[in-house]
2 protein chains.
Amino acid sequence: MSTQNWEKRIAYLGPEASFTYLATKGLFPNDWLMPQASIPECIEAVAEGRVELAVVPLENALEGSVPLTVDYLFHEADLYVVGEVTSKIQQHLMVHPAQAENWQSIEAVYSHPHALAQCHKYLFYRFSGVPLHQYSSTAAAAKLVADTPERCIAAIANSAAAEKYGLTIVENNIHDFHFNHTRFFVLSKDNVRLSKVDSETTKTTFMVTLPTDVSGALHQVLSVFAWRKLNLSKIESRPLKTGLGDYFFIVDVLADEEETMMKGAVEELHALGCTVKSLGTYYSYTTPE
Amino acid sequence: MSTQNWEKRIAYLGPEASFTYLATKGLFPNDWLMPQASIPECIEAVAEGRVELAVVPLENALEGSVPLTVDYLFHEADLYVVGEVTSKIQQHLMVHPAQAENWQSIEAVYSHPHALAQCHKYLFYRFSGVPLHQYSSTAAAAKLVADTPERCIAAIANSAAAEKYGLTIVENNIHDFHFNHTRFFVLSKDNVRLSKVDSETTKTTFMVTLPTDVSGALHQVLSVFAWRKLNLSKIESRPLKTGLGDYFFIVDVLADEEETMMKGAVEELHALGCTVKSLGTYYSYTTPE
């Protein structure tokens, strides 16, 4: 699966072998992938023109939205979504090969907070009392385990991280829920679209701020879409950072913003006093398993 | 401000000097406060009857909901909200007194991921390149700094943590946004209410699962409340953990569930095919600054 027409520099949330790397590599197998240390750095790399595109995690089926991505796109950056990728998340328990025989008595588990949460029940029943340490990424946790052969510690990470850092997977698929996917946004400074090849879904993402009280206004916003039979695949609230109870809404509509009904809907949202920021229309891709 | 009528055992998200401790102590100054290591442990302590009440963080004005609290209440526990407390969050930079003169050249900063995010800009401009380490709580980060006098490291935590662990606050109020509050739930096995004294707001929290597609159904749910002039102070989506795009909604209504209009609304939600879980009606309190 490749959607590229020219060779591009693409920032992604690193390090190499992160889940974002896997999603990015699937979509852009022949481009120049540049790992970044944080989501804001990915977004700033594309905003400042150092790369053509950036790939960042947006939402996980279990953990919900990645607040930093949503908030940075709303408060800090003027970027467009030019595509989205959905990848299955499979978490494995891995140790240094030197510790592979002792793995039943590991002293500590390292991983990203989301990965630890995704394996909460497994860890609770299997390794109750073993300290869990939050790390900046699953791949960074794998690297720590690779760099610490003398300690019997484990990382929770993906198979690419085990391969890259030469770790031994001692238990496969330790995540508690099976339907676990992460959705990634491909971001650009320009309101373009990746190729429609390999995609069956067209989506538009709006960020909507309501005029006054949430109750009636949100109902009006949904009415604008409902009577036009514009389907929402998602609506989510995020704090405006002006006080408890002040929210903006991220709305994904399964339609092209160039359609007549969509143009009418956006005009009416403005007329209702809403502030509407469009992140653009884009196609959805899925990483093959 | 005290709302108690009898002496109670109260679990809270520890350790002592956590923000949850401050909120709990403000509401229950004379009760037996029992720190727990995690949100699930707080919830299980009250579900299993080891304590009468538990206090857990629900939502922060900047970071949004605390997923573990919302998800545990939805998926795992059958508890009622008997009160809510809102507290102002003030973050300070603190070091060991032995390092107070060297604080400008700190090697690392430790804190809870939310506190690090709340001070993102301060840290970016003031300590760019200094590694940030995620810790289980702000108080635990303060304790680490207190236990490591030989290293020039800092914690971000509240003033109670500085006091308890004998640290020196080197910069006050380093959080990026001023309107930063956290909302805590007081949970019980029984559908009771804390005293109305010191409270001016009555709220009911519902967790609603929609029957089919999100678009039209959510619009219907909001119509049920809107025509009755029942004001929502919050609506938020959380993943159902059955797949990307499947959500349940947390709805806070500014009304008592015993009111006629509320009973009618809940009946109609059921008739629409929604699954409705009420967490009960409760009063809101504010921790004095």
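Residues numbered from 1 in each chain as written. Chains lettered and ligands numbered in written order. Predicted model: local features only at pLDDT ≥ 70, side-chain atom pairs only at ≥ 80, totals over all residues. Heavy atoms only, no water.

## A word on the packing of aromatic side chains
Residue and element names in this part refer to chain A.
Link 1 in the chain: Taken as a whole, this structure holds 16 aromatic pairs over all chains when the rule is applied.
Link 2 in the chain: One aromatic cluster is present, formed by W103, Y122 and F127 through successive ring pairs.
Link 3 in the chain: Above the plane of the ring of F127 lies R126, whose end atom (NZ or CZ) is 4.7 Å from the centre.
Link 4 in the chain: One cation-aromatic arrangement involves K164 over Y165; the distance from NZ or CZ to the ring centre is 5.6 Å. (Phe/Tyr/Trp six-rings, centres within 6.5 Å; stacked < 30°, edge-to-face > 60°. Lys NZ or Arg CZ within 6 Å of the ring centre and 35° of its normal.)

## Overview of the side chain of B:S284
Link 1 in the chain: In this fold, B:S284 is placed in strand β15 (residues 275-286).
Link 2 in the chain: Discounting residues that sit within four places of it in the chain, B:S284 has contacts with B:E84, B:D198, B:S199, B:E200, B:T201 and B:K203. (Helix = DSSP H or I, 4+ residues; strand = E, 2+ residues; numbered from the N terminus. Contact = heavy atoms within 4.5 Å.)

## Topic: the sheet that holds strand β9 (residues 153-157) of chain A
Residues and elements named next belong to chain A.
Link 1 in the chain: Ordered by their spatial adjacency, five strands build an open sheet running β8-β7-β9-β6-β10, and the pairing between neighbours is mixed. Every interior strand has two partners, whereas the edge strands, β8 (132-134) and β10 (168-171), have only one. For this sheet the average axis-to-axis angle between neighbouring strands, irrespective of direction, equals 35°.
Link 2 in the chain: When strand β7 (residues 108-111) meets β9, the two strands line up parallel, connected through three bridges. When the sheet's bridge partners are listed, A108 is paired in β9 with I153. (Pairing = 2+ DSSP bridges. Axes fitted to C-alpha atoms, helices over the stretch in contact; angles between N-to-C directions.)

## Points about the packing of helix α2 (residues 39-47) of chain B against helix α3 (residues 67-75) of chain B
Residues and elements named next belong to chain B.
Link 1 in the chain: The geometry of α2 relative to α3 is characterised by a closest axis approach of 9 Å and an angle of 35° between their N-to-C directions. Here α2 and α3 pass one another in a crossing that is right-handed. Contacts from I39, P40, I43 and E44 in α2 reach L68, T69, Y72 and L73 in α3.
Link 2 in the chain: The residue makeup of the contact of α2 with α3, split by class, is six nonpolar, one polar and one charged. (Left-handed = near helix turned anticlockwise from the far one by under 90°. Nonpolar A, V, L, I, M, F, W, Y, C, P; charged D, E, K, R; others polar.)

## Quick look at the UniProt feature "domain: Prephenate dehydratase" (unreviewed entry) in chain A
Link 1 in the chain: Using the residue numbers shown here, the UniProt feature "domain: Prephenate dehydratase" (unreviewed entry) corresponds to residues 9-189 of chain A.
Link 2 in the chain: Along residues 9-189 of chain A, the helical share is 31% and the strand share 31%, with 13 Å between the first and last C-alpha atoms. (UniProt positions renumbered as here; feature names shortened; annotations may be inferred.)

## Focus on the interface of chain B and chain A
Link 1 in the chain: If you look at the interface, chain B gives 49 residues, while chain A gives 49 residues.
Link 2 in the chain: In this assembly, chain B packs against chain A so that about 3,600 Å² is buried in total across both faces, 59% of it on carbon and sulfur atoms.
Link 3 in the chain: On inspection of chain B and its partner chain A, the count reaches two salt bridges.
Link 4 in the chain: A salt bridge links A:K121 to B:E76; the nearest nitrogen and oxygen atoms lie 3.4 Å apart.
Link 5 in the chain: Seen at the junction of chain B and chain A, the total is eight residue pairs in polar contact (both at pLDDT 80 or more).
Link 6 in the chain: Mapped by element, the contributors of at least two residues to the side of chain B that touches chain A are α2, β3 (53-60), α3, α5 (120-126), β11 (181-188), α8 (214-226), β13 (232-239) and β14 (247-253) of chain B.
Link 7 in the chain: Among the elements that line the side of chain B that touches chain A, the one with the most residues is β13(B), at eight residues.
Link 8 in the chain: By residue class, the composition of the side of chain B that touches chain A is 21 nonpolar, 16 polar and 12 charged. (Buried area = accessible area lost by both parts, 1.4 Å probe. Salt bridge = Lys/Arg side-chain N within 4 Å of Asp/Glu carboxyl O. Polar contact = N/O pair within 3.5 Å; in protein donor to acceptor, adjacent residues only side chain to side chain.)

## Regarding the state of the cysteines
Link 1 in the chain: Enumeration according to the criterion identifies zero disulfides over all chains in this entry.
Link 2 in the chain: You can see B:C119 has no disulfide; the closest cysteine sulfur is in B:C152, sitting 18 Å from it. (Disulfide = S-S within 2.5 Å.)

## Structural notes on the sheet that holds strand β9 (residues 153-157) of chain B
All names here are of chain B.
Link 1 in the chain: The sheet built from five strands is open, its strands ordered β8-β7-β9-β6-β10 with mixed pairing. Strands at the two margins of the open sheet, each flanked by one partner only, are β8 (132-134) and β10 (168-171). Averaged over all pairs of adjacent strands, the angle between their axes in this sheet comes to 35°, without regard to strand direction.
Link 2 in the chain: Against the sheet, helix α6 (residues 138-147) touches β6 (92-95), β7 (108-111) and β9, its axis set at about 155° to β9.

## Brief notes about the environment of A:R126
Residues and elements named next belong to chain A.
Link 1 in the chain: Relative to the helices and strands, R126 is located in helix α5 (residues 120-126).
Link 2 in the chain: Between the C-alpha atom of R126 and that of W103, which follows or precedes it by 23 residues, the distance is 12 Å.
Link 3 in the chain: Every residue in contact with R126, bar those within four places of it in the chain, is listed here: W103, Q104 and E171.
Link 4 in the chain: Within polar-contact distance, the side chain of R126 engages the side chain of Q104 at 2.3 Å.

## Quick look at the pattern of salt bridges
Residues and elements named next belong to chain A.
Link 1 in the chain: Counting across every chain of the model gives 38 salt bridges over all chains.
Link 2 in the chain: Of the charged contacts, one joins E59 and K234 as a salt bridge, the two residues approaching to 3.4 Å between their closest N and O atoms. Of this pair, E59 sits in strand β3 (residues 53-60) while K234 sits in strand β13 (residues 232-239), placing them 175 residues apart in sequence. For the residue pair E59 and K234, the accessibility class agrees, reading buried in each case.
Link 3 in the chain: Shared partners join several salt bridges into a network, and the residues in it are E59, E84, R183, K203, K234, E236 and D252. (Buried < 20%, exposed > 50% of the residue type's maximum accessible area, 1.4 Å probe, protein only.)

## Let's talk about the relation of the copies chain B and chain A
Link 1 in the chain: Under the fitted operation, chain B is carried onto chain A by 0.1 Å of movement along the axis and a turn of 180°, and the coordinates agree to an RMSD of 0.0 Å. Here the transformation between the copies is reduced to the relation of a two-fold axis.
Link 2 in the chain: Most of the interface of chain B is mirrored in chain A: 100% of its interface residues are interface residues there too. (Least-squares fit on C-alpha atoms with pLDDT ≥ 70 in both.)

## Description of the domain arrangement of chain A
All names here are of chain A.
Link 1 in the chain: Considered domain by domain, chain A is made up of domain 1 (6-88 + 180-189), domain 2 (92-171) and domain 3 (198-283).
Link 2 in the chain: Tallying the contact residues gives 18 residues for domain 1 and 20 residues for domain 3.
Link 3 in the chain: For the domain 1 and domain 3 pair, buried surface summed over both sides reaches about 1,500 Å², with 54% attributable to carbon and sulfur atoms.
Link 4 in the chain: For domain 1, the biggest contributors to the area lost against domain 3 are D71, F74 and V81; these three give 33% of the whole.
Link 5 in the chain: Counting across the domain 1 and domain 3 interface gives 13 residue pairs in polar contact (both at pLDDT 80 or more).
Link 6 in the chain: Only α3 (67-75), β5 (80-88) and β11 (181-188) provide two or more residues apiece to the side of domain 1 that touches domain 3.
Link 7 in the chain: With six residues, the top contributor of residues to the side of domain 1 that touches domain 3 is α3. (Domains from an automatic or database assignment.)

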